[in-house]
Amino acid sequence: MIRVQNLTKSFGAKVAVNNVSFSVERGEVLGFLGPNGAGKSTSMRMITGFIPPTAGEITVGGFDMVENPIPAKRLIGYLPENAPAYTDMTVSGFLHFAAELRGLRGDEKKRAVGRAVEMCFLEAVLYQSIDTLSKGYRHRTCFAQSIIHDPDVLVLDEPTDGLDPNQKYEVRTLIRRMGEKKAIIFSTHILEEVEAACSRAIIIDRGQIVANGTPSELKQRSDIAGAVSVRVAGVNGAVVTQRLAQLSGARKTTLLKDEGSTAMVRVFPQASSRNGDLARSISEVVAKEGWRIEELHTEEGRLDEVFRNITLPDRKIEERK
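Basis of the calculations
Residues numbered from 1 in each chain as written. Predicted model: local features only at pLDDT ≥ 70, side-chain atom pairs only at ≥ 80, totals over all residues. Heavy atoms only, no water. Buried < 20%, exposed > 50% of the residue type's maximum accessible area, 1.4 Å probe, protein only. Helix = DSSP H or I, 4+ residues; strand = E, 2+ residues; numbered from the N terminus. Arc of directions from axis to C-beta. Contact = heavy atoms within 4.5 Å. Salt bridge = Lys/Arg side-chain N within 4 Å of Asp/Glu carboxyl O. Core = buried A, V, L, I, M, F, W, Y, C linked by side-chain atoms within 4.5 Å. 1 Å grid on protein atoms, 1.4 Å probe; cavity = no way out; pocket = protein on both sides within 12 Å on 5 of 7 lines; lining within 4 Å. Points joined across faces, edges and corners; volume = space filled by probe spheres on them. Pairing = 2+ DSSP bridges. Axes fitted to C-alpha atoms, helices over the stretch in contact; angles between N-to-C directions.

### Thoughts on helix 3 (residues 91-101)
Okay, step 1: If you check which residues of helix 3 are buried, you get Val91, Ser92, Phe94, Leu95, Ala98 and Ala99. End-on, the buried residues of helix 3 take up no more than an arc of 165 degrees, which puts them together on one face.
Okay, step 2: Along its buried surface, helix 3 packs onto helix 4 (106-119) and helix 5 (135-147).
Okay, step 3: Positioned one or two residues after helix 3, Gly103 has a phi angle of 85 degrees, which is positive.

### Let's talk about the pattern of salt bridges
A side chain of one charge can pair with a side chain of the opposite charge if their charged atoms are brought near each other.
Okay, step 1: By the definition in use, this model includes 20 salt bridges.
Okay, step 2: A salt bridge links Arg45 to Glu81; its shortest N-O distance comes to 3.9 Å. Residue Arg45 is found in helix 1 (residues 40-47), and its partner Glu81 is found in the loop between strand 6 (76-79) and helix 3; the two are separated by 36 residues along the sequence.
Okay, step 3: The class for Arg45 is partly exposed, based on a relative accessible area of 29%.
Okay, step 4: One salt bridge connects Arg251 with Asp223, and the closest N-O pair in it is separated by 3.4 Å. Highlighted residues: Arg251 in strand 12 (residues 250-258) and Asp223 in the loop between helix 8 (215-219) and strand 11 (228-233), separated in sequence by 28 residues.
Okay, step 5: Look at the salt bridges and you will find they share partners, linking Arg172, Glu192 and Glu193 into a network.

### Section: the nonpolar core
Okay, step 1: Core analysis: the largest hydrophobic core is formed by 45 residues, its most contacted members being Leu95, Phe143 and Ile175.
Okay, step 2: Dropping the residues within four chain positions of it, Phe143 is found in contact with Leu79, Cys120, Leu156, Pro159, Val171, Leu174, Ile175 and Met178.
Okay, step 3: Core analysis: the second largest hydrophobic core is formed by 28 residues, Leu7, Val17, Phe22 and Ile76 among them.

### Here we look at empty space enclosed by the protein
Okay, step 1: Evaluated as defined, the whole model comprises 2 cavities of 30 Å³ or more.
Okay, step 2: Within this model, the largest cavity holds a volume of roughly 60 Å³.
Okay, step 3: At the level of secondary structure, the elements contributing two or more residues to the lining of the largest cavity comprise helix 5 and helix 6 (165-178).

### Concerning the sheet that holds strand 4 (residues 55-60)
Okay, step 1: Taken in spatial order, the 4 strands of this open sheet run 2-1-4-5, and their pairing is antiparallel. Each end of this open sheet is capped by a strand with a single partner; those strands are strand 2 (14-24) and strand 5 (63-64).
Okay, step 2: Bridge analysis of strand 1 (residues 2-11) against strand 2 gives 7 bridges, and the strand direction is antiparallel. Residue Leu7 lies in a different strand from strand 2, and its bridge partner there is Val20.
Okay, step 3: Along the sheet, helix 1 contacts strand 1, strand 2 and strand 4; its crossing angle with strand 1, the most-contacted strand, is approximately 120 degrees.

Function cannot be read off these values alone, since they describe shape.
What follows is the structure in structure tokens.
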């Protein structure tokens, strides 16, 4: 549904987006991650035809966004960053206006507005003017206009910006549900949103894609992925650390906590170790030594660590204990 090939955007000498390529299929929710200034919003604006690319191709539903923009834009629902609205309109008036712009009339328009109001939980403010709304309700109103025509493609720039935790949960759930039938791309710098809503994620930094994969695949790039954390009682930390470091499948061990008679140690696997092997080996050693296991689990990896290591390559990232 979305195909981006060698996309580049320059503002004078500044290259904001540099030779970016990716695609998004129906039934896929793509998270577009990156630090501030990485090129996320610029990419969104080019994909929706809001600004033209300096070079490269964008197709939406098979239509070229530069050569044939009208049918391409009909397929898109767009929530821009700091989404604008006519603040003197009521929520109802604004959504009816947005529906008419999308070519909806009569009963079809009423049904579309009603569906968007219900999906975005706007019943309580339907007849308030937009300038009296809280930031969260204003953002939800703008979100509603992006889905009013039930588009096949959704492009959302920071869709949970300004929302409280409950509202964020509602929007993430809505995105995940709509993503079963639509092609969705949304930009964010909130890593928990990727795991909550995305089937795949791209990390962009300094205008270039530096990582592309499912959340699980990205987490496997974490140094902590596959490490086994174990808490044992009846022995001090130095003894546990030294003994577990002798395991053939261990690359290194780290003492996380030592409370005299209780110790928490993390054991990092060799690259050749298979899932579960290290945890079994640790359990066998603990049983042989007569220690008591209070906790044992294998770490999944952390997106925040992967994100920082990729986007801050010159800064040493200390392992979070």
